[in-house]
4 protein chains.
Amino acid sequence: MKKITLQIHCKDQSGIIATVTNFIANNNGNIVYIDQHVDREQDIFFMRLESEFTSFSMEAFKLNFKTELAERFNMKWRIYNDEEKPKMALFVSKYDHCLYDLLGRYNSGELNLQIPFIISNHNTLKPIADSFNIPFYHIPVTKDTKAEAEAQQLKLCDAHGIDFIVLARYMQIVSSKIINKFPNKVINIHHSFLPAFVGAKPYHSAYKRGVKIIGATSHYVTEELDAGPIIEQDVERISHTYTIEDLIAKGRDLERVVLANAIKLHIKRKVMVFNNKTVIFS
Amino acid sequence: MKKITLQIHCKDQSGIIATVTNFIANNNGNIVYIDQHVDREQDIFFMRLESEFTSFSMEAFKLNFKTELAERFNMKWRIYNDEEKPKMALFVSKYDHCLYDLLGRYNSGELNLQIPFIISNHNTLKPIADSFNIPFYHIPVTKDTKAEAEAQQLKLCDAHGIDFIVLARYMQIVSSKIINKFPNKVINIHHSFLPAFVGAKPYHSAYKRGVKIIGATSHYVTEELDAGPIIEQDVERISHTYTIEDLIAKGRDLERVVLANAIKLHIKRKVMVFNNKTVIFS
Amino acid sequence: MKKITLQIHCKDQSGIIATVTNFIANNNGNIVYIDQHVDREQDIFFMRLESEFTSFSMEAFKLNFKTELAERFNMKWRIYNDEEKPKMALFVSKYDHCLYDLLGRYNSGELNLQIPFIISNHNTLKPIADSFNIPFYHIPVTKDTKAEAEAQQLKLCDAHGIDFIVLARYMQIVSSKIINKFPNKVINIHHSFLPAFVGAKPYHSAYKRGVKIIGATSHYVTEELDAGPIIEQDVERISHTYTIEDLIAKGRDLERVVLANAIKLHIKRKVMVFNNKTVIFS
Amino acid sequence: MKKITLQIHCKDQSGIIATVTNFIANNNGNIVYIDQHVDREQDIFFMRLESEFTSFSMEAFKLNFKTELAERFNMKWRIYNDEEKPKMALFVSKYDHCLYDLLGRYNSGELNLQIPFIISNHNTLKPIADSFNIPFYHIPVTKDTKAEAEAQQLKLCDAHGIDFIVLARYMQIVSSKIINKFPNKVINIHHSFLPAFVGAKPYHSAYKRGVKIIGATSHYVTEELDAGPIIEQDVERISHTYTIEDLIAKGRDLERVVLANAIKLHIKRKVMVFNNKTVIFS
């Protein structure tokens, strides 16, 4: 039994659903799950579909899908082999809360993925990586060595067949070189309720503005800082009694959960991106 | 152009989605929206489908669907004409907050339904009904007159072709006579986070137990008190400083929104009930 | 028995609490409630105190407090007579949801205040004011007549001894003339999670940015648009399926509750403002 | 400079606040923070007070407080030396999520306490204790050995001067022997929104009932199962798509944060217990 997930989007047209479901049936597939959305403002049709096949050839399926459907409806589409666990590269710096959280979830089987390695610009968190038996690469980054460091990072990603990158409070701006290699595949956690408090020190800005609720946002990294497609957000109520340190501590709780949820949605292929916004199938 | 919504559930089987989508296509329908869920524990397949037809005969469709699909897959199914606004009977007592809220939403066009009348066991809220120009029937209920009162209520529902009943803090237990006439069509708002604090005076019980969060629950009424299928719930954080009166006031905010959301889900035919639980398509 | 509430703030100093509580005791007062906060970053001490007196002269108390305490600690302070219900002027435009909500709460006794009148730049909501028996003044506002309209508004406020103004989706920018007359006494409801989406059409901006949570913010109006001290905020989770109309409808639920909560905090004298931020005693 | 925290409760009486604040002043103390609450239903006065003293004798203070205040007002009271970090004994079983979370927070300096040891009825989590360099005692518990095991546990607590015990998903019912030794000092995390779903397998019960929101509750352990004073609760929205495994995973996120928050409130002496309910000063 072969299981695949299909993501499709195209201009909205009559008959797409029937045509696609027919195609699956004609290829002896059984649709296990179907999700669909139409963005009426942009007139775009989105679809996500899980199917099982008793016999299956990826090559043949791709070819037939392309010629029979994709070209006819002018579709953008992706197919995923559900048996393959996606490979995630973890980029960290000195903060350990997201790292502990993700490795704890990974250990408990909550995350259906592989972590071939952890990269950091500091050596601080190496003992944690060690205690979870995950290779740790220390790649320092300075203004002068940034291009070289990123080349090293990409080389490691290449060597391990990395599918997506997670910046778990990495604290460095990632250049277009990496972004273009991993389009909508670099997930960041920003410690504010975007679009409020873009950039550095958002908890300090939140404190200064006197907001009554703080947040965290996980998004795909794009060239514009903190402006990429939002995957997940969450918030917590605060009060005037919170110091900046209290905000930072409360924020860690948000960051952990928001980043983990975003990763889960990503690896279940529940996220589709169009025009800098996400469709999140649940 | 005819628009319909179809709700289907049956034992999970291979090929249902393709067969149903095919059937719609073969009847010259265009699927606008499809939602689906499989309850793996009970092995039940659920589906909700919105379609448009340029020409349509309800009779023919029903007959064909029954003979070609429903019997084959042993489906339970319902079809709704999306152009018909469902008719809601509002039952109230002396509390006005849900009534004001629902009539305000109704007036603003937020609720796509008709309200042929309001029934109350007291005359207290008649001026509100009057100010919104909705007929108000005062049907007092005592232990002795309950059966007769309910007969009157049902007669009114019948006369106006009522589709569903909303108990907007009606404060009376509705008998099986009404429930059986409107199965999964009597919506109640209970002022607690069910299953905590079933029955009378839940805010008093919440106060006594010292909970830090209170809630409200909207559910379909079944014969067992406050035990019917849950449609919607919401909660609010409280503290030791809240008196019972504060809880009641905070609770009103919850009740208003939870009941309104449940009604919206119901009239959009987003709710399916099976085994005392709901599937809520969003 | 006389009940008063005292609000004090000054530079943080040793011995303030004991001195103030002593002063109350020496004046035969009994402290019923005390709340206090120190902003360590700005080194400011805040205090709120409810007291009861069997015999009381406001003049004498004020004079003694001023000479014995306020001058010594260089305090800013206010005293409120708890028996006086604050007088609120309601400014509305065409949207009715906050108006219905506030008048419903007012009717139910939830709001311990007086509403001498409602002002609107349109006649649309007059019937609602009428049904609640509250005087309604239609004062149209155009660019050319704005100064004159505001003069009329202030005259009405003056004539009725208005304590504070609530802009319940008033949709007009209020000039410094009104703000200066009512410093930290003009409460606005903004339909976004400030500081995100300042200005007009925040739901459209939220839709465009693809946020997963929307919010509403109630704040005191200052000269800078949507930048005044925040009193209360709340948020709701949304998804890609929400149209702009859905956001607006969901937002109405937020606006109602957030504005009502802000008003309740204000009239209980639970809010203190310093340096464009609020201390909210609960 | 000596810092202390004082917790007081007694029948509500006139003049308590002034008398206490006076007492502190007369003993050359400066009140840094004062919190107070009156439970009007039970007529009980609660107070929490942080003070600084340039010179301080604990013995003298206690004696004077007792004779001058406590006896006069018939107070129950406790005094804490703020320089002493409370000692927490961690009891765990096989689940690691709360353990990782607490040790991560401990490491980051978020928890101002000491963890002299971890006790478990299984050896499973020893490597985690080791990686954080905290002594781990494996004390198996069976029906027959329970009394003996608890004696061992108490002996360890005694030897290390333990102040309070945290059951971080310990999965064993603690007997009255331990509870009486640590009254309102054994903190448990229950994986439901109490009082809903008391006892074993609450996520299974939540799944069966079809609730739309799940929760977690941290409370002090009393002899009645899951019925002790509630310190902290939190909830998360779920849907029909959640399997029991999904509920359990989502629940872990709740349990972590709710337990950590309860511990933080406890060690800051922000919690007061009366009649099986808590007053939580913030």
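Let me begin by describing the structure that accompanies this report. (Residues numbered from 1 in each chain as written. Chains lettered and ligands numbered in written order. Predicted model: local features only at pLDDT ≥ 70, side-chain atom pairs only at ≥ 80, totals over all residues. Heavy atoms only, no water.)

### With respect to the interface of chain D and chain A
For step 1, the next point in the chain: Between chain D and chain A, the residue contacts involve 21 residues of the former and 21 residues of the latter.
For step 2, the next point in the chain: Summed over both sides, the interface between chain D and chain A buries roughly 1,500 Å², with carbon and sulfur atoms accounting for 38% of that surface.
For step 3, the next point in the chain: Counting across the chain D and chain A interface gives four salt bridges.
For step 4, the next point in the chain: When the shortest N-O distance is used, the salt bridge between D:E110 and A:R252 registers 2.8 Å.
For step 5, the next point in the chain: Among the secondary structure elements, those contributing two or more residues to the side of chain D that touches chain A are α3 (97-107), β11 (230-237) and α8 (244-267) of chain D.
For step 6, the next point in the chain: Its residues assigned to classes, the side of chain D that touches chain A shows five nonpolar, seven polar and nine charged. (Contact = heavy atoms within 4.5 Å. Buried area = accessible area lost by both parts, 1.4 Å probe. Salt bridge = Lys/Arg side-chain N within 4 Å of Asp/Glu carboxyl O. Helix = DSSP H or I, 4+ residues; strand = E, 2+ residues; numbered from the N terminus. Nonpolar A, V, L, I, M, F, W, Y, C, P; charged D, E, K, R; others polar.)

### Notes on the relation of the copies chain A and chain C
For step 1, the next point in the chain: Turning chain A through 180° and shifting it by 0.0 Å along the axis lays it on chain C, with an RMSD of 0.0 Å. Taken together, the rotation and translation describe the operation of a two-fold axis. Relative to the rotation axis, the closest C-alpha in chain A is found at A:A196, a distance of 2.3 Å.
For step 2, the next point in the chain: With an isologous cut-off of 70% or more, the 100% of interface residues of chain A that recur at the interface of chain C puts this contact in the isologous class. (Least-squares fit on C-alpha atoms with pLDDT ≥ 70 in both.)

### Brief notes about empty space enclosed by the protein
For step 1, the next point in the chain: Applying the stated criterion to the full structure yields 11 cavities of 30 Å³ or more.
For step 2, the next point in the chain: Taken as a whole, the largest cavity holds about 150 Å³ of empty space.
For step 3, the next point in the chain: What lines the largest cavity is a set of 16 residues, among which A:Y100, A:D101, D:Y100, D:D101 and D:R256 lie closest to the centre.
For step 4, the next point in the chain: Secondary structure elements with two or more residues in the lining of the largest cavity: α3 (97-107) of chain A together with α3 and α8 of chain D.
For step 5, the next point in the chain: Split by residue class, the lining of the largest cavity holds two nonpolar, five polar and nine charged. (1 Å grid on protein atoms, 1.4 Å probe; cavity = no way out; pocket = protein on both sides within 12 Å on 5 of 7 lines; lining within 4 Å. Points joined across faces, edges and corners; volume = space filled by probe spheres on them.)

### Concerning the sheet that holds β11(D)
Residue and element names in this part refer to chain D.
For step 1, the next point in the chain: Pairing is mixed across the open sheet formed by seven strands, whose spatial order is β7-β6-β5-β8-β9-β10-β11. Of all strands in the sheet, those with a lone pairing partner are β7 (136-138) and β11, marking the two edges. On average, adjacent strands in this sheet sit at an angle of 20° to one another, irrespective of strand direction. (Pairing = 2+ DSSP bridges. Axes fitted to C-alpha atoms, helices over the stretch in contact; angles between N-to-C directions.)

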